[in-house]
Amino acid sequence: MDSNMIIRCKHLIDCSGRIEENVYLTISGGYIAAMDCGDAPAFPPEECIDLGDDSILIPGLVNAHTHLELTLAQNCFRPQPLFTNWIRTIISVTSQWEIDYFSQSLRDGIQQSVACGTTAAGDIIRQADGAAYSEFPLQGRAYYEVINFDSHTADKTSAALKRNLAEHPTNGCMLAGISPHSPYTVSEELLRQCVSLGHSISAPLCIHLGETVPELEFLREGTGELRRFREELGMPPGWTPPKKTPVEYFRDLGGLDRPAVLVHCNYADENDLKIIAASGSSVVFCPRSHQYFRHRRHPVEAMLQWGINVAIGTDSLASSPSLSVLDEMKALRRSYSGVSSIDILKMATLNGLRALSLPHEEELLRPGRPADITVIRVGAGKEEQDKSPLEAIFADSSGAFFSLIGGKIALRSVEREARKN
Ligand SMILES: [Zn+2]
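- Where an unreviewed UniProt entry is consulted, the chain appears under the name Amidohydrolase-related domain-containing protein, with the organism given as Abyssobacteria bacterium.

Listed below in structure tokens is the structure:
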């Protein structure tokens, strides 16, 4: 259905901080065709979807890092501060899963994502059948993950990756990318091959980097918790540590020659930030996963000061309570007072698109822009109603209840839509 659709909301907030009141958006052919603000234009009521007087329309929410194929692992986890124990649990749980189960888990993850207002995602996929993406409107990038620490079989792993990328450059509305998992699960040789393949076919790279203290120790000294973990899985004879930070190591393998997505960077130091900023790469911060592992304070404020493009991710349900980007925004707001509300909105929308190398413009809500939007409803309490529209987004009671992806309704929650003045 490509005929016009008109939606009305009480407030509209763009990433620039622009706030409009009483907004009528006309949607046509997947794009915002017109925007009227102020008094009601002469639209027949039956042609207009009125989203109510407590609705706040924002650009579509982008979950810049997640593992949707692990969604069904949600109930298998308990707090396990020791990072390697958490990985052991993931391996033990998912080793029982067949491909079909991973695919079902992916479907569940996509449904949950759309249900909480996400319009685009940066998803990591290794086991599931990517055809599942085609069943849903979710946009974004699916990064094919590789894991192999044995340099002798790097060629075989990268050949399979190359085949996968050639056969499935897109799945539904998801473009392809490459994700070597991390510096401690992918050999130096395979990392080089991933970088080279990514550059040769213009497939963006995404890697977990600087996530834990043991990762820093492993790369610098070759010792510690991750060394013991690696020995359990198989340690190639003669391996020596590169004696670098994870960011330096990835840069020296060519990984930052083009902008890449660096997930976490929880323990990036000042020199790492300088390197990341100079490369134009993005960092994805996953606030609630960060809390789950009790990492030290994330350097997100310093990253923003360096001008780094920081986006927001949920990571998987194996370390986060939900796939809601809005809940991540609230968690970030609670713990990092140095990041402004408008910066958080930008991180959850525009910065996510930029990180995933998807089309983006500084102002996403203008006539001519793609109709990817999320609409939030705030609670009815006096406290919420007294807040500015921007602050109301972060109220405990706020939630997404309506979204458009590519101009089509992807989420419409009747309960949340019910109250109108
Ligand atoms: Zn992850």
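Alright, that's what it looks like, and here's the rest.
1. Thoughts on the sheet that holds strand S7 (residues 118-125)
Thinking step 1. With mixed pairing, 5 strands are arranged side by side in an open sheet as S6-S7-S8-S10-S9. With one partner strand each, in any of the chains shown, strand S6 (61-66) and strand S9 (170-171) form the two edges of the open sheet.
Thinking step 2. Pairing of S6 with S7, which is carried by 4 bridges, proceeds in the parallel orientation. Paired with Thr66 across the two strands is Asp123, which belongs to S7.
Thinking step 3. Packed on one face of the sheet, helix H4 (residues 188-201) meets strand S8 (139-146) and strand S10 (174-180) and runs near 155 degrees to S10.
Thinking step 4. In the packing of helix H11 (residues 325-335) onto the sheet, the strands contacted are S6 and S7, and the crossing angle to S6 comes to about 85 degrees.

2. Observations regarding the packing of helix H3 (residues 154-167) against H4
Thinking step 1. One can describe the packing of H3 onto H4 by two numbers: an axis separation of 9 Å at closest approach and a directional angle of 25 degrees. Taken together, the axis directions place H3 and H4 in an arrangement best described as roughly parallel. At the point where H3 passes H4, the crossing takes the right-handed sense. Of the residues in H4, those in contact with Ala154, Asp155, Thr157, Ser158, Leu161, Lys162 and Leu165 of H3 are Glu189, Leu190, Gln193, Cys194, Leu197 and Ile201.

3. Considering the pairing of strand S3 (residues 31-37)
Thinking step 1. By the bridge criterion, 6 bridges tie strand S2 (residues 19-28) to S3 in an arrangement that is antiparallel. Within S3, the position partnered with Tyr24 by the bridge is Asp36.
Thinking step 2. Counting the residues in the hairpin turn of S2 and S3 gives 2 residues, including Gly29, whose phi is positive at 60 degrees.

4. Focus on the coordination of the zinc ion
Thinking step 1. Only His65 (NE2), His67 (NE2), His208 (NE2) and Asp315 (OD) from the protein coordinate the zinc ion, and they sit 2.1 to 2.5 Å from it.
Thinking step 2. Note that the zinc ion binds 4 donor atoms; their angles at the metal cover 87 to 168 degrees, and the shape is irregular.
Thinking step 3. All donors of the zinc ion belong to a single chain; written as a sequence motif, their spacing is H-x1-H-x140-H-x106-D. Taken together, the positions of His67 in the loop between S6 and helix H1 (83-94) and His208 in strand S11 (residues 206-209) put the pair 141 residues apart, joining distant regions of the chain.
Thinking step 4. On the accessibility criterion, His208 (5% relative accessible area) is buried.

5. Describing the packing of aromatic side chains
Thinking step 1. Per the stated rule, a full pass over the model turns up 11 aromatic pairs.
Thinking step 2. A centroid spacing of 6.2 Å and a plane angle of 45 degrees characterise the contact between Phe149 and Phe218, whose relative ring orientation is tilted. Taken together, the residues span a long stretch of sequence, with Phe149 in the loop between S8 and H3 and Phe218 in helix H5 (residues 213-221) at a distance of 69 residues.
Thinking step 3. The class of Phe149 is buried, set by a relative accessible area of 7%.
Thinking step 4. Ring centres 4.6 Å apart and planes at 10 degrees place the aromatic pair Phe218 and Trp239 in the stacked group. Residue Phe218 is located in helix H5, and its partner Trp239 is located in the loop between helix H6 (225-233) and helix H7 (246-252); the two are separated by 21 residues in the primary sequence.

6. A word on the pattern of salt bridges
Thinking step 1. A full pass over the atoms with the stated rule returns 19 salt bridges.
Thinking step 2. In this structure, the salt-bridge partner of Glu391 is Arg333, at a minimum N-O distance of 2.9 Å. With Glu391 in helix H15 (residues 389-392) and Arg333 in helix H11, the pair connects residues that are 58 residues apart, well separated along the chain.
Thinking step 3. On the basis of relative accessibility, which here comes to 28%, the residue Arg333 falls in the partly exposed class.
Thinking step 4. A cluster of three or more residues bridged by salt bridges with shared partners is formed by Asp14, Arg18, Glu20, Glu363 and Arg366.

7. Details of the pairing of strand S17 (residues 408-412)
Thinking step 1. Bridge count between strand S16 (residues 399-405) and S17: 4 bridges; the pairing is antiparallel. Paired with Leu404 across the two strands is Ile409, which belongs to S17.
Thinking step 2. Connecting the antiparallel pair S16 and S17 is a turn made up of 2 residues, with Gly406 showing a positive phi of about 60 degrees.

8. As for the domain arrangement of the chain
Thinking step 1. Segmentation of the chain into domains returns domain 1 (5-60 + 367-417) and domain 2 (63-355).
Thinking step 2. When each unit is reduced to the centre of its C-alpha atoms, the spacing between domain 1 and domain 2 is 31 Å.
Thinking step 3. Across the boundary between the two partners, domain 1 contributes 27 residues, which contact 22 residues of domain 2.
Thinking step 4. Roughly 1800 Å² is buried in total at the junction of domain 1 and domain 2, and carbon and sulfur atoms are behind 70% of that figure.
Thinking step 5. Among the residues of domain 1 in contact with domain 2, Cys15, Phe394 and Ile405 are the three that bury the most area, contributing 39% of the side total.
Thinking step 6. Our count for the domain 1 to domain 2 interface comes out at 1 salt bridge.
Thinking step 7. At the junction of domain 1 with domain 2, the criterion picks out 6 residue pairs in polar contact (both at pLDDT 80 or more).
Thinking step 8. Of all the secondary structure elements, the ones that give two or more residues to the side of domain 1 that touches domain 2 are strand S5 (55-59), strand S15 (373-377), H15, S16 and S17.
Thinking step 9. Counted by class, the side of domain 1 that touches domain 2 contains 15 nonpolar, 8 polar and 4 charged residues.

Procedures and definitions
- Residues numbered from 1 in each chain as written.
- Predicted model: local features only at pLDDT ≥ 70, side-chain atom pairs only at ≥ 80, totals over all residues.
- Heavy atoms only, no water.
- Pairing = 2+ DSSP bridges.
- Helix = DSSP H or I, 4+ residues; strand = E, 2+ residues; numbered from the N terminus.
- Contact = heavy atoms within 4.5 Å.
- Axes fitted to C-alpha atoms, helices over the stretch in contact; angles between N-to-C directions.
- Parallel < 35°, antiparallel > 145°, perpendicular 65-115°, else oblique.
- Left-handed = near helix turned anticlockwise from the far one by under 90°.
- Donors = N, O, S within 2.8 Å, 3.2 Å for Na, K, Ca; no water.
- Tetrahedral: all angles 85-135°; square planar, octahedral: opposite > 155°, others 65-115°.
- Buried < 20%, exposed > 50% of the residue type's maximum accessible area, 1.4 Å probe, protein only.
- Phe/Tyr/Trp six-rings, centres within 6.5 Å; stacked < 30°, edge-to-face > 60°.
- Salt bridge = Lys/Arg side-chain N within 4 Å of Asp/Glu carboxyl O.
- Domains from an automatic or database assignment.
- Buried area = accessible area lost by both parts, 1.4 Å probe.
- Polar contact = N/O pair within 3.5 Å; in protein donor to acceptor, adjacent residues only side chain to side chain.
- Nonpolar A, V, L, I, M, F, W, Y, C, P; charged D, E, K, R; others polar.

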